[in-house]
Amino acid sequence: MKMNGARMMLECLKKEGVDTIFGYPGGTVINLYDELFNFKEIHHILPRHEQAGTHAADGYARVTGKVGVAIATSGPGATNTVTAIATAYMDSIPMVIITGQVPTPLIGNDAFQEVDIIGITRPCTKHSFLIRNVKDIALTMKKAFYIARSGRPGPVLVDFPKDVQMSLGEFHYPESIDIRGYKPNLSGHPRQVEKAIAMILDSRRPVMYVGGGAVLSDAAEPLTRLARMLSVPVTTTLMALGSFPETDNLSLGMLGMHGSYYANMAMSNSDLIIAIGARFDDRVTGKLATFAPHAKIIHIDVDPTSIKKNVRVDLPIVGDVKDVLLKMISQTEKNAEKLPEFISNLTPWQADIDGWKVKHPLDYKQSSTVIKPQFVIQKLRELSDADAIISTDVGQHQMWTAQFFKFTTPRTLLTSGGLGTMGFGLPAAMGAQAAFPDRQVITVCGDGGVQMNIQEMATLVQNRLPVKIVILNNNFLGMVRQWQELFFDKRYSSTCMELPIDYIKLADAYGAKGFLASKPDEVESVIRAGFKEEGPVIMEFKIAREEKVLPMVPAGASLNEMVLNA
Amino acid sequence: MQHTISVIVENDFGVLSRVATLFSGRGFNIDSLSVAPTNEEGLSRMTIVTRGDDQILEQINKQLNKLIDILKVLDFTDGSAIERELALIKVSAEDEARAEVLRVVDIFRAKIIDVTPKSYTIEATGNPSKIDAILELLRPLGLKEVVRTGSVAIGRGAKGWNG
C-alpha cells in the first residue's frame with residue numbers, strides 16, 4: 001500500500017501494539033501530526049513540555065511493561081527530551097523516542113531548529129537510528145522496538161527527517177528481523193544454576209539482594225516462591241520495591257544509603273549474597289573495599305557488563321531473571337530432601353536478623369504539633385487503594401516513601417533511581433494514569449521537584465487524568481539541606497525556598513482542586529477529601545522543616561557504618 | 001598493560017562514534033585506532049590498542065560486545081596473533097647523515113619513497129616494536145614528521161574470525 005513516510009511511521013507503531021503516545025508538535029513533525037489527526041488507533045496526549053512528555057512515556061512503560069513512545073520536534077524539542085532519555089537509560093526502561101529532523105540535504109548545515117540529537121544522546125541511549133530513506137522506516141522501527149524491549153531494556157532514539165516523512169513509499173512490515181551484532185543471552189546455563197543451588201544449600205547466612213531487573217523481567221512470582229521455599233531473607237533496592245512483598249516476614253525492606261539498619265547489617269554479615277537483577281550500585285555497596293567481607297556472591301543478570309564491574313563474583317549467571325529463577329525453583333525441588341536441614345540451620349541467622357530489627361527499626365519521632373512526613377506516607381498507605389500506583393519525585397520524600405509505604409506488588413512504585421531526576425514524579429504519574437485510567441495514581445513530591453514540571457497540571461486537567469499530587473512541603477531543597485546540616489555545618493547555601501505558594505490557588509488556576517494540611521490532625525481529612533475528588537488534586541502538607549532521612553550511610557563509609565541518630 | 005583488540009562492526013552510520021564515545025565516557029584509553037572495510041559486505045574492522053589491568057580489559061570487552069552494531073570482539077592479548085603497523089617517516093638528512101639513513105633503511109628492510117637534497121621520506125612496516133626501534137635509531141638524525149597507522153592484527157592459523 002502506498003503512503004507517505006509519516007503515515008508509515010504510525011502504521012509501524014500500530015504493528016508494535018502501541019496505543020498511547022506522548023508528544024509535542026513542531027515544524028519538523030507537523031507532517032507526522034497531520035497523519036495522527038485521523039489515526040484512530042493511537043491515543044495521543046499533549047504535555048506542556050517535551051521533558052514531561054518523555055517522562056510520561058517512561059512512567060507508562062514502567063507500569064505496563066510495554067515500550068513507552070514519545071515524540072518531539074527537532075532542535076529544542078529534541079534537546080528537551082535529553083534529561084528524560086538519560087533517566088530511562090539509567091533505569092533500563094524500554095522506550096522509543098521519535099524526534100523530527102531537518103530535511104536530509106540540510107543536515108549538518110546549522111539549519112533552523114537543527115541539532116545532532118543522535119550525537120547528543122549517544123552516551124544515554126541503548127541505540128539510535130537516523131532514517132535517511134522512506135524504504136528504511138519499517139525495518140528501522142522493527143529494530144528499534146526489538147532493541148528497546150529485549151535483553152536489558154533501554155531507550156532507543158529514532159531521528160526522522162522531514163523530507164523522509166513526506167516521501168511516498170510502499171509499506172511492508174517485516175515479519176522478523178535478525179540483528180547480527182545483537183544476540184542477548186536470555187537463558188541461564190543449567191550447570192550454573194545447579195552450582196547456585198548447591199552454594200545456597202551450603203550457606204548458613206544467605207540473603208537475596210534484588211534489583212530493578214526483577215521488575216523489568218516480571219519475575220516477582222518466581223522470586224517470591226523461591227525465597228519462601230528456601231526461607232532466605234530478601235532485601236530489595238529502591239528500584240525493586242514491591243517485587244517481594246514487604247509485609248512478608250522474610251522481607252528486610254530496602255538496603256543501601258538510606259536502607260534499613262537490618263537490611264544493611266544482613267548484607268554486611270552474610271556468607272552468601274544472591275544478587276538478582278541488581279548491579280551493586282554505589283548507593284547500595286558503600287565503600288567497596290569493605291563491602292560484604294565474608295560473603296560469596298552469586299550474580300544473576302541479563303547484562304554481562306554488570307557482572308564483575310564493581311565487585312568480584314563467585315558464580316555469574318547470565319540470563320533473563322525470570323528464566324533463571326524458574327530454573328532455580330526446579331533445581332531446588334530436585335533437592336527437596338535437603339531443605340528441612342538447610343532451613344533449620346538458618347535459625348541462628350534469622351535470630352540475628354530479628355535482633356537487628358528490634359534494635360533499630362525504621363522509625364521517627366512522632367509529633368502532635370507538626371506534621372511528620374513519615375506520618376503522611378503511612379496515612380497514604382492506610383487510606384489508598386490496594387492497587388494504587390505511587391510515583392515519587394527525588395529527594396527526602398522519595399526515601400521516606402521507600403521506607404514507610406510498604407510495597408507489596410511490582411510496578412506500583414515509579415521512581416527515578418539511577419539518575420535521580422527531580423521533576424520526574426508528576427509526569428511519570430501522568431503516564432501511569434493514561435495507562436490505567438481506572439486505578440488510583442498518586443505522586444509524592446517535594447516542593448522543589450513538583451515545580452519543575454508543574455505546567456503538567458494543564459495536561460492532567462485537559463485529559464481528565466485524576467492524579468493525586470501529594471506535596472510534602474518543607475520550603476527546602478530537603479536532601480541537600482540534610483547534607484549541608486550533617487557535613488557543612490548547617491550552611492544552607494541556596495537550599496531555602498521560603499516563598500510560600502498558595503497551591504490551592506495554583507490548582508484552581510488550572511481548573512483543579514487543592515487542599516492544605518498544616519497540622520497533624522488535618523492529615524487524614526485532607527487525604528480523604530483529595531481521594532474523593534474525581535479530577536486531579538493537589539494535597540499540600542506543611543511538614544517539619546528540618547527532618548532527616550535516617551539511617552544514612554555517609555559517602556565513603558562502609559555499608560555497616562550507618563548514622564542512626566543525628 | 002597494552003592490549004590489542006579487533007572489533008568486527010556493521011558499517012553503519014555512527015558506529016565509530018559509538019565506540020569512541022564508549023571509550024571516552026568510561027575513561028578507557030585509546031593508544032591507537034585503525035578502521036577499514038573487510039572482505040564481507042557491510043562489515044568493517046576496527047583495531048584498538050588500549051591499556052589497563054585485567055578488570056578494565058574485561059569491562060572493555062563486555063561493553064563493546066553490548067553495542068548493537070558490534071558483531072565480534074577479538075582480544076589479541078595472549079600473543080596468538082600477528083600484529084603489523086605502517087609508518088611514513090620524514091627524516092632530515094644532509095651530508096654524512098644521508099648514508100646513515102640509507103643504512104638504517106636497509107637494516108629494517110624499509111623503503112625510501114621520497115627524496116630531496118635535505119631529507120628522505122621512508123615507508124616502514126612491521127610489528128609495533130620494530131617501528132618503535134626504527135624511529136629510535138632515526139631520532140638522533142632529526143625526525144621532521146612521523147605518521148603511524150596504529151596496529152592491525154590477525155590471528156594465526158587457518159581459521160578466519162568467523163570460523
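Up top you'll find the structure we're talking about.
All values reported here derive from a predicted model rather than from experimental measurement. (Residues numbered from 1 in each chain as written. Chains lettered and ligands numbered in written order. Predicted model: local features only at pLDDT ≥ 70, side-chain atom pairs only at ≥ 80, totals over all residues. Heavy atoms only, no water.)

1. Some thoughts on the overall build of chain A
So, point 1. Of the regular secondary structure elements, chain A holds 23 helices and 20 strands.
So, point 2. Its C-alpha atoms give chain A a radius of gyration of 24 Å, near enough to 24 Å, the size a compact globule of 566 residues would have.
So, point 3. For the C-alpha atoms alone, the extent of chain A along its principal axes is close to 70 × 60 × 40 Å.
So, point 4. Evaluated residue by residue, chain A yields a buried proportion of 61% over its 566 residues.
So, point 5. In chain A, the proportion of contacts linking residues at least 24 apart, taken out of those at least 6 apart, comes to 77%.
So, point 6. For chain A, the exposed area adds up to about 21,800 Å²; of that, 52% sits on carbon and sulfur atoms.
So, point 7. Taking the average place of the 58 positive charges on the side chains of chain A and the average place of its 59 negative ones, the gap between the two points comes to 3 Å. (Helix = DSSP H or I, 4+ residues; strand = E, 2+ residues; numbered from the N terminus. Rg over C-alpha atoms; globule rule 2.2 N^0.38 Å. Buried < 20%, exposed > 50% of the residue type's maximum accessible area, 1.4 Å probe, protein only. Contact = heavy atoms within 4.5 Å. Areas by Shrake-Rupley, 256 points an atom, 1.4 Å probe, with all protein chains shown as cover. Lys, Arg positive; Asp, Glu negative; His and termini not counted. Charge placed at Lys NZ, Arg CZ, Asp CG, Glu CD.)

2. Digging into the packing of aromatic side chains
So, point 1. A complete count under the given rule lists eleven aromatic pairs over all chains for this structure.
So, point 2. Between the aromatic rings of Phe 171 of chain A and Tyr 173 of chain A, the centroid separation amounts to 6.1 Å while the plane-to-plane angle is 35 degrees, which identifies the pairing as tilted. No difference in accessibility class separates Phe 171 of chain A from Tyr 173 of chain A, as the two residues are buried.
So, point 3. Counting every residue linked through ring pairs, the aromatic cluster contains Tyr 209, Phe 280 and Phe 291 of chain A.
So, point 4. One Lys or Arg, Arg 481 of chain A, reaches over the ring of Phe 476 of chain A and ends 5.7 Å from the middle of that ring.
So, point 5. Over the face of the ring belonging to Tyr 120 of chain B we find Arg 98 of chain B, whose NZ or CZ atom lies 4.4 Å from the ring centre. (Phe/Tyr/Trp six-rings, centres within 6.5 Å; stacked < 30°, edge-to-face > 60°. Lys NZ or Arg CZ within 6 Å of the ring centre and 35° of its normal.)

3. Concerning empty space enclosed by the protein
So, point 1. A complete count under the given rule lists two cavities of 30 Å³ or more for this structure.
So, point 2. In this structure, the largest cavity encloses a volume near 50 Å³.
So, point 3. Along the walls of the largest cavity sit Arg 381, Asp 385, Ala 386, Ala 388, Ile 390, Phe 405, Phe 407, Thr 408, Thr 409 and Thr 412 of chain A, which together make up its complete lining.
So, point 4. Residues belonging to the lining of the largest cavity are distributed by class as follows: five nonpolar, three polar and two charged.
So, point 5. Each pocket or cavity is described by its volume, and for the second largest cavity that value is around 40 Å³.
So, point 6. Every residue along the wall of the second largest cavity is listed here: Val 15, Arg 18, Val 19, Leu 67, Asp 69 and Ile 70 of chain B.
So, point 7. Per-element accounting of the lining of the second largest cavity gives the leading share, three residues, to helix 1 (residues 15–25) of chain B. (1 Å grid on protein atoms, 1.4 Å probe; cavity = no way out; pocket = protein on both sides within 12 Å on 5 of 7 lines; lining within 4 Å. Points joined across faces, edges and corners; volume = space filled by probe spheres on them. Nonpolar A, V, L, I, M, F, W, Y, C, P; charged D, E, K, R; others polar.)

4. Brief notes about helix 3 (residues 96–107) of chain B
Residue and element names in this part refer to chain B.
So, point 1. Taking 1.5 Å as the rise per residue, helix 3 with twelve residues should run 16 Å; its terminal C-alpha atoms sit 17 Å apart, in good agreement.
So, point 2. When we look at burial in helix 3, the residues that qualify are Ala 97, Arg 98, Val 101, Val 104 and Val 105. The buried residues of helix 3 all sit within an arc of 125 degrees when viewed along its axis, so they share a single face. Away from the buried face of helix 3 by more than 90 degrees, exposed residues Glu 96, Asp 106 and Ile 107 are located.
So, point 3. The secondary structure elements touched by the buried residues of helix 3 are strand 5 (81–92), strand 6 (111–116), strand 7 (119–126) and helix 4 (128–138).
So, point 4. After helix 3 finishes, the residue Arg 109 shows a positive phi value of roughly 50 degrees. (Expected span 1.5 Å × (residues − 1). Arc of directions from axis to C-beta.)

5. Here we look at the interface of chain A and chain B
So, point 1. Chain A puts 22 residues into the contact, and the matching count from chain B is 22 residues.
So, point 2. Both sides together, the interface formed by chain A and chain B hides about 1,800 Å², and carbon and sulfur atoms give 49% of it.
So, point 3. The largest share of the area that chain A buries against chain B comes from Arg 122, Arg 180 and Thr 305 of chain A, three residues that together contribute 38% of it.
So, point 4. Our enumeration of links across chain A and chain B arrives at three salt bridges.
So, point 5. With its nearest N and O atoms 2.7 Å apart, the salt bridge here joins Asp 303 of chain A to Lys 66 of chain B. (Buried area = accessible area lost by both parts, 1.4 Å probe. Salt bridge = Lys/Arg side-chain N within 4 Å of Asp/Glu carboxyl O.)

6. A few points about the pattern of salt bridges
All names here are of chain A.
So, point 1. Throughout the structure, instances matching the rule amount to 36 salt bridges over all chains.
So, point 2. The partner of Lys 66 in a salt bridge is Asp 19, with the nearest N and O atoms 3.0 Å apart. With Lys 66 in the loop between helix 3 (50–64) and strand 4 (68–72) and Asp 19 in the loop between helix 1 (5–15) and strand 2 (20–23), the pair connects residues that are 47 residues apart, well separated along the chain.
So, point 3. Between Glu 522 and Lys 519 there is a salt bridge, and its shortest N-O distance comes to 3.4 Å.
So, point 4. When its relative accessible area of 42% is taken as the criterion, Lys 519 is described as partly exposed.
So, point 5. Beyond isolated ion pairs, a larger network of salt bridges with shared partners links Arg 481, Glu 485, Lys 490, Glu 546 and Lys 548.

7. Quick look at the environment of Leu 414 of chain A
Residues and elements named next belong to chain A.
So, point 1. Positionally, Leu 414 belongs in strand 16 (residues 413–414).
So, point 2. For the pair Leu 414 and Gly 425, spaced eleven residues apart in sequence, the C-alpha separation works out to 7.8 Å.
So, point 3. The contact partners of Leu 414, leaving out residues within four places of it in the chain, are Gly 59, Arg 62, Val 63, Ile 389, Ile 390, Ser 391, Thr 392, Phe 424, Ala 428 and Ala 432.

8. Considering the layout of surface pockets
So, point 1. Approximately 710 Å³ is the volume found for the second largest pocket.
So, point 2. Lining the second largest pocket are 28 residues, with Tyr 89 and Pro 123 of chain A together with Arg 26, Gln 63 and Lys 66 of chain B sitting closest to its centre.
So, point 3. Within the residue set of the lining of the second largest pocket, elements represented by two or more residues are helix 5 (82–90) of chain A together with helix 1 and helix 2 (54–66) of chain B.
So, point 4. With four residues, helix 1 of chain B is the single largest residue contributor to the lining of the second largest pocket.

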